[in-house]
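Observations on the three-dimensional arrangement
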Amino acid sequence: MSNSDRLTAGVLGATSPVGRQVLAQLADAGHSVMAFSRRPQQTDDARVRWATLHADATDADGEPIPHWIALCGIWNLPEHFDLMLRHGVRRVVCLSSTSRFTKTTSSNPQEEEIVRRLVEGERRIAEWAQAHGVEWTILRPTLIYGRGTDRNLAEIVKLIRKLGLFPLFGRAEGLRQPVYVDDVAKAAVLSVFSAGAGCNSYNISGAEVLTYREMVSRIFKAMGRKPRFLSVPIWLFNFALFFLRLIPRYRKWNADMVQRMNRDMVFDHDDARRDFAYDPQRFVLREIDVSA
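Residues numbered from 1 in each chain as written. Predicted model: local features only at pLDDT ≥ 70, side-chain atom pairs only at ≥ 80, totals over all residues. Heavy atoms only, no water.

1. Some details on unusual backbone geometry
Inclusion rule: The secondary structure listing takes helices from DSSP runs of H or I that are at least 4 residues long and strands from runs of E that are at least 2 residues long, numbered from the N terminus. For every residue, the accessible area (1.4 Å probe, protein chains only) is compared with the maximum for its type, and the residue is labelled buried under 20%, exposed over 50%, or partly exposed between those bounds.
Positive phi is not limited to glycine here, since Ala-172 has a value of about 55°. Position of Ala-172 among the secondary structure elements: in the loop between strand S8 (166-169) and strand S9 (175-176). With a relative accessible area of 0%, Ala-172 lands in the buried category.

Okay, structure coming up:
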């Protein structure tokens with residue numbers, strides 16, 4: 001990459017699982033990378049510079065940073081609007097979630113609040129960007145997995161290790177399209193420099209559609225185990241849920257969590273492929289992905 005092609009990108013939420021991969025991909029591509037964190041960070045990668053976020057400034061104030069990738073919760077992004085403006089932001093890519101669509105019918109107050117925050121966060125970033133002449137891109141990943149850092153797959157791995165089996169509720173044939181953490185990072189890096197991705201929202205999914213049962217079967221196999229399931233009728237779980245929620249660890253469990261095993265959560269990524277050549281991988285698990 002020539003100096004004329006070298007671009008500067010700022011990364012918020014850089015210590016997140018997706019953030020770590022974004023830093024590596026930006027640096028590998030030869031771009032100048034400034035990562036922001038609330039706490040001082042130690043790194044062996046000299047290609048990435050770290051700046052500490054303070055109440056009203058950062059260690060890097062005044063440096064032009066036209067491109068930004070925000071991997072913090074989209075509802076938290078407004079607190080960084082002034083920071084990005086001080087650095088001359090011209091383009092920002094941020095993460096939302098397809099949960100804003102899949103959890104709209106949830107009867108759980110916490111999940112309803114998540115949907116509200118996602119929708120409100122998307123609205124605020126679009127309005128702010130338009131008011132300041134900033135191009136924006138919103139990425140909505142499906143179920144993110146990989147590198148032993150994701151909460152979704154890690155919980156399944158832990159339960160399999162503890163019980164030697166996995167409980168399935170109903171037929172567990174709801175369709176899933178898991179997306180690898182590296183592919184989410186790739187989508188962010190590709191879109192932040194793509195002229196065709198400005199002022200648009202994209203669903204970001206994996207290349208393969210599979211049932212919830214098949215997804216868990218592959219996790220078993222990646223762990224070197226034969227798939228073993230305990231089939232539980234949904235009515236029985238709903239009956240037991242009342243008693244389970246008396247235990248603090250299971251207080252947040254709800255019937256919607258179980259019903260989603262049998263609900264399709266599939267989102268095509270054709271628009272992302274068209275606009276910035278997004279090309280995700282299939283659901284293939286490596287040792288690092290099941291090491292939780």
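2. Brief notes about the layout of surface pockets
Over the atoms, a rolled probe matching the size of one water molecule traces out where space is still vacant. Definition in use: Computed over the protein atoms alone on a 1 Å grid, cavities are sets of points where a 1.4 Å probe fits but cannot get out and pockets are open sets with protein on both sides within 12 Å along at least five of seven lines; a residue lines them when it has an atom within 4 Å of a point. Grid points are joined across faces, edges and corners, and a volume is the space filled by probe spheres set on the points. Gly falls in the polar group here, along with every residue not listed as nonpolar (Ala, Val, Leu, Ile, Met, Phe, Trp, Tyr, Cys, Pro) or charged (Asp, Glu, Lys, Arg).
The volume enclosed by the second largest pocket comes to roughly 220 Å³. Taken together, 14 residues form the lining of the second largest pocket, with Gly-13, Thr-15, Phe-36, Ser-37 and Arg-38 sitting closest to its centre. By residue class, the composition of the lining of the second largest pocket is 5 nonpolar, 6 polar and 3 charged.

3. A look at the packing of helix H5 (residues 151-163) against helix H7 (residues 212-222)
Put simply, the rule reads: Fitted lines through C-alpha atoms give the axes, limited to the stretch in contact for helices. The angle between two N-to-C directions lies from 0 to 180 degrees. Note: crossing handedness is left-handed where the near helix turns anticlockwise from the far helix by less than a right angle, and right-handed where it turns clockwise. Two residues form a contact once any of their heavy atoms are found within 4.5 Å.
Where H5 contacts H7, the axes come no closer than 10 Å and their chain directions differ by 65°. For the element pair H5 and H7, the recorded crossing hand is right-handed. Note on element contacts: H7 touches H5 through Tyr-212, Met-215, Val-216, Ile-219 and Phe-220, opposite Leu-153, Ile-156, Val-157 and Ile-160. Along the lines of polarity and charge, the residues of the contact of H5 with H7 split into 9 nonpolar, no polar and no charged.

4. Description of the nonpolar core
Using the following cut-off: Among buried residues, those of type Ala, Val, Leu, Ile, Met, Phe, Trp, Tyr and Cys that are joined through side-chain atoms within 4.5 Å constitute a nonpolar core.
Val-22, Leu-139, Phe-166, Ile-204, Tyr-212, Ile-219 and Phe-276 are the most contacted members of the largest nonpolar core, which totals 56 residues. With 7 residues, the single largest contributor to this core is helix H6 (residues 181-192). Discounting residues that sit within four places of it in the chain, Phe-276 has contacts with Leu-139, Ala-187, Leu-190, Ser-191, Ser-194, Ala-197, Tyr-202 and Ile-204. Of all hydrophobic cores here, the second largest spans 25 residues; its members include Ile-65, Met-84, Leu-118 and Ile-138.

5. With respect to the packing of aromatic side chains
The description of two aromatic rings rests on the distance between their centres and on the angle between their planes. Definition in use: Two rings belonging to Phe, Tyr or Trp (six-membered ring only in the last case) form a pair when the distance between their centres is within 6.5 Å. Interplanar angles under 30 degrees mark stacking, angles over 60 mark edge-to-face geometry, and anything in between is tilted. Only when the NZ of Lys or the CZ of Arg is both within 6 Å of the ring centre and within 35 degrees of the ring normal is a charge said to sit over the ring.
One pass over the full model with this rule turns up 8 aromatic pairs. Ring centres of Phe-101 and Phe-267 lie 6.0 Å apart, and the angle between their planes is 35°; on these two criteria the pair is classed as tilted. Taken as a pair, Phe-101 in helix H3 (residues 99-102) and Phe-267 in the loop between helix H9 (255-259) and helix H10 (270-276) lie far apart in primary sequence, 166 residues in all. Relative accessible area serves as the criterion here: at 35%, Phe-101 is assigned to the partly exposed category. An angle of 85° between the planes, with centres 5.1 Å apart, marks the rings of Tyr-202 and Phe-276 as edge-to-face. Taken together, the residues span a long stretch of sequence, with Tyr-202 in strand S11 (residues 200-204) and Phe-276 in helix H10 at a distance of 74 residues. When its relative accessible area of 2% is taken as the criterion, Tyr-202 is described as buried. Among the aromatic residues, those joined into a cluster by ring pairs are Tyr-145, Tyr-180 and Phe-283. A cation sits over an aromatic face here: Arg-213 above Phe-229, 5.0 Å from the ring centre.

6. As for the environment of Asn-262
So the rule is basically this: Any N or O atom pair separated by 3.5 Å or less is treated as a polar contact, with the protein-specific requirement of one donor-capable and one acceptor-capable atom, and with residues adjacent in sequence counted only for side-chain atom pairs.
One can find Asn-262 in the loop between H9 and H10. With 88 residues separating them in the primary sequence, Asn-262 and Gly-174 have C-alpha atoms 3.9 Å apart. In this structure Asn-262 touches Phe-169, Gly-170, Arg-171, Ala-172, Glu-173, Gly-174 and Ile-234, once residues within four positions along its chain are discounted. One polar contact links the side chain of Asn-262 to the main-chain amide nitrogen of Arg-171, over a distance of 3.3 Å.

7. Considerations on the pairing of strand S3 (residues 48-52)
Which entries qualify depends on this criterion: Two strands qualify as a pair provided DSSP detects at least 2 bridges between them.
Burial of S3 is extensive: 4 of the 5 residues sit out of reach of the surface. Across 5 bridges, the pairing between strand S2 (residues 32-37) and S3 is parallel. Paired with Ser-37 across the strands is Thr-52, a residue of S3.

8. Here we look at the pattern of salt bridges
As a reminder, the rule being used: Counted as salt bridges are all cases of a side-chain nitrogen of Lys or Arg within 4 Å of a carboxyl oxygen of Asp or Glu.
Counted under the stated rule, the structure contains 21 salt bridges. Ionic pairing is found between Arg-91 and Glu-135, a salt bridge with its closest N-O pair at 3.2 Å. Placement of Arg-91 in strand S5 (residues 91-95) and of Glu-135 in strand S6 (residues 135-141) is noted, with a sequence separation of 44 residues between them. Residue Arg-91 is classed as buried on the basis of its relative accessible area of 5%. Between Arg-273 and Asp-270 there is a salt bridge, with the nearest N and O atoms lying 3.2 Å from each other. Of the two residues, Arg-273 and Asp-270 are both situated in helix H10; the distance of 3 residues between them amounts to about one turn of the helix. Residue classification places Asp-270 among the partly exposed positions, given a relative accessible area of 44%.

9. Here's the deal with the environment of His-67
The topology assignment puts His-67 in strand S4 (residues 67-70). Taking the C-alpha atoms as reference points, His-67 and Val-92, separated by 25 residues in sequence, lie 6.0 Å from one another. For His-67, the residues in contact, after removing those within four places along its chain, are Leu-7, Thr-8, Ala-9, Gly-10, Arg-91, Val-192 and Phe-193.

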